[in-house]
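Structural overview for review
Here's the letter readout for the chains.
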Amino acid sequence: MDTLTHTLMGGTIVGLAAIDPSIDPVSVGFITTVVGASLVPDVDTVMKLKNNAVYITNHRGITHSLPFTFFIWPVLLTALSVLLFDLPALNMYLWIQFAVFMHVFVDIFNSYGTQALRPIRQIWIQIGIINTIDIPILLLHVLYFILWYFTGAPVMLFIGLYAMLAVYYSLRYMMQRSLVTKVIRQLPNEEIDRLFVMPTIQYFEWRIVVVTEKAYYVGRSFRGNIIFYDRFNKSQPIREERFESIKKNENFKAFTFFSSIYRYEVTDISEDVVEIRYIDLRYLKDGHYPFVCIMHLDKDTSEVLHSYTGWVFTESKLQKKLLGS
């Protein structure tokens, strides 16, 4: 989820903590909301300062893993709460543990997902029923704080809020499953290998990507109506010597590690250089696929001359980033 949503969720935990007489709201608010729930698990964002490949590979990775969720972050923040506020260690550990767990838990429900089971399983858990920025969830949290101000009953409001969120998440899941059924019915003659139905910021609009035996279909659903915008035939396998070269490239490894569904194109761009472009099909916007990995290879040696992976919304900017890498 976005930072604002995480912060608001942390604020509701502050309200729930009113049931604990051994801590004060200001102290627990600082630790659980500002540090625990909204900032610490996403500290890996600083990796973007190095390069996109490192960021893409690690964001929501180890900082959202089992050791960090259940031990490292709670212990570090508990130590901070004891040193700064002289708060009881056990109580703070439990509240901070709950806040960090909630942060990681809600992240698995969007399309980006997390590696929450790492190191047991180094896979992305991407349930894909909630958009990163979800307006109904934000509005419910704003309503919570308004009612808290007028009623002074944060604990009961917390129970009511999360009961409504449980219903909301269930409804989103049922909407997704309904669309999966509709997509299968709309492509009766296709043998479907994989099917992705992913949310957008618009409540009744979903992204759809289908992989069949021979092609990729990319479209959207609007209030239950499914429209496919693109159909791509599957490409022939990349020449072995070229693939042996690109699979060692850091940008390629980062892209294929993160991307759940993609296609590729091979284009001769000069007498000496060939371009291999991997395209993530999940993020079609205004006729453009902005998340890509591009590599320029020497035709004779198959050596990767330039490479880039990341979000690019215009071809001119892409070429500048590619040549500048």
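Rules behind the numbers
- Residues numbered from 1 in each chain as written.
- Predicted model: local features only at pLDDT ≥ 70, side-chain atom pairs only at ≥ 80, totals over all residues.
- Heavy atoms only, no water.
- Pairing = 2+ DSSP bridges.
- Helix = DSSP H or I, 4+ residues; strand = E, 2+ residues; numbered from the N terminus.
- Axes fitted to C-alpha atoms, helices over the stretch in contact; angles between N-to-C directions.
- Contact = heavy atoms within 4.5 Å.
- Parallel < 35°, antiparallel > 145°, perpendicular 65-115°, else oblique.
- Left-handed = near helix turned anticlockwise from the far one by under 90°.
- Buried < 20%, exposed > 50% of the residue type's maximum accessible area, 1.4 Å probe, protein only.
- Core = buried A, V, L, I, M, F, W, Y, C linked by side-chain atoms within 4.5 Å.
- Domains from an automatic or database assignment.
- Buried area = accessible area lost by both parts, 1.4 Å probe.

By the naming in an unreviewed UniProt entry, the protein goes by Metal-dependent hydrolase and is assigned to Salinicoccus hispanicus.

Moving on, we get to the sheet that holds strand 2 (residues 205-212). Judged by pairing direction, the sheet is antiparallel, and its four strands sit side by side in the order 1-2-3-4 without closing on themselves. Across the chains shown, the open sheet's two edge strands, defined by having one partner strand only, are strand 1 (192-199) and strand 4 (225-233). The average angle at which neighbouring strand axes cross in this sheet is 15°, direction not considered. Strand direction decides the pairing type here: strand 1 and strand 2, joined by seven bridges, are antiparallel. Note on strand 2: the bridge partner recorded for F196 is V209. In the packing of helix 7 (residues 154-186) onto the sheet, contacts are made with strand 1, strand 2, strand 3 (215-222) and strand 4, and the angle to strand 1 comes to roughly 140°.

It is worth spelling out the packing of helix 6 (residues 135-151) against helix 7 at this point. Orientation of helix 6 relative to helix 7, taken along the N-to-C sense of each, is 165°, at an axis distance of 10 Å. In terms of their interaxial angle, helix 6 and helix 7 are classed as roughly antiparallel. Handedness of the crossing formed by helix 6 with helix 7: right-handed. Of helix 7, the residues touching helix 6 (which contributes P136, I137, L140, H141, Y144, L147, W148 and T151) are P154, L157, F158, L161, Y162, M164, L165, Y168 and Y169.

Looking at the element boundaries, F109 is found in the loop between helix 5 (89-107) and helix 6. Classification of F109 by relative accessible area gives buried; the value is 13%. Along the backbone, F109 and I130 are 21 residues apart, and their C-alpha atoms lie at a distance of 5.6 Å. Apart from the residues lying within four places of it in its own chain, the contact partners of F109 are I127, G128, I129, I130 and Y169.

With that settled, the discussion passes to the nonpolar core. If you look at soluble globular proteins, the nonpolar side chains tend to sit buried side by side. Core analysis: the biggest nonpolar cluster contains 39 residues, and I130, I137 and Y169 have the highest contact counts within it. For this core, the elements supplying multiple residues, two or more each, are helix 1 (3-16), helix 2 (25-37), helix 4 (66-85), helix 5, helix 6 and helix 7. Once residues lying within four places of it in the same chain are set aside, the contact partners of Y169 are V106, F109, I129, I130 and I137. I246, F252, Y278 and V304 belong to the second largest nonpolar core, which has 21 residues in total.

Turning to unusual backbone geometry, a few remarks are in order. A cis amide bond links R118 with the next residue in sequence, P119, at an omega value of 10°. Of note in the backbone geometry, D86 takes a positive phi value of approximately 55° without being a glycine. We note that D286 has phi near 55°; this positive angle belongs to a residue other than glycine. Summarising the element assignment, D286 is placed in the loop between strand 6 (273-280) and strand 7 (291-298). Residue D286 is classed as exposed on the basis of its relative accessible area of 76%.

So, on to the domain arrangement of the protein. Segmentation of the protein into domains returns domain 1 (3-133) and domain 2 (240-323). Taking only C-alpha atoms into account, the centre of domain 1 sits 33 Å from that of domain 2. Contacts between the two partners involve 10 residues from domain 1, matched on the other side by 11 residues from domain 2. Taken over both partners, the interface formed by domain 1 and domain 2 buries close to 890 Å², and the fraction arising from carbon and sulfur atoms is 64%.

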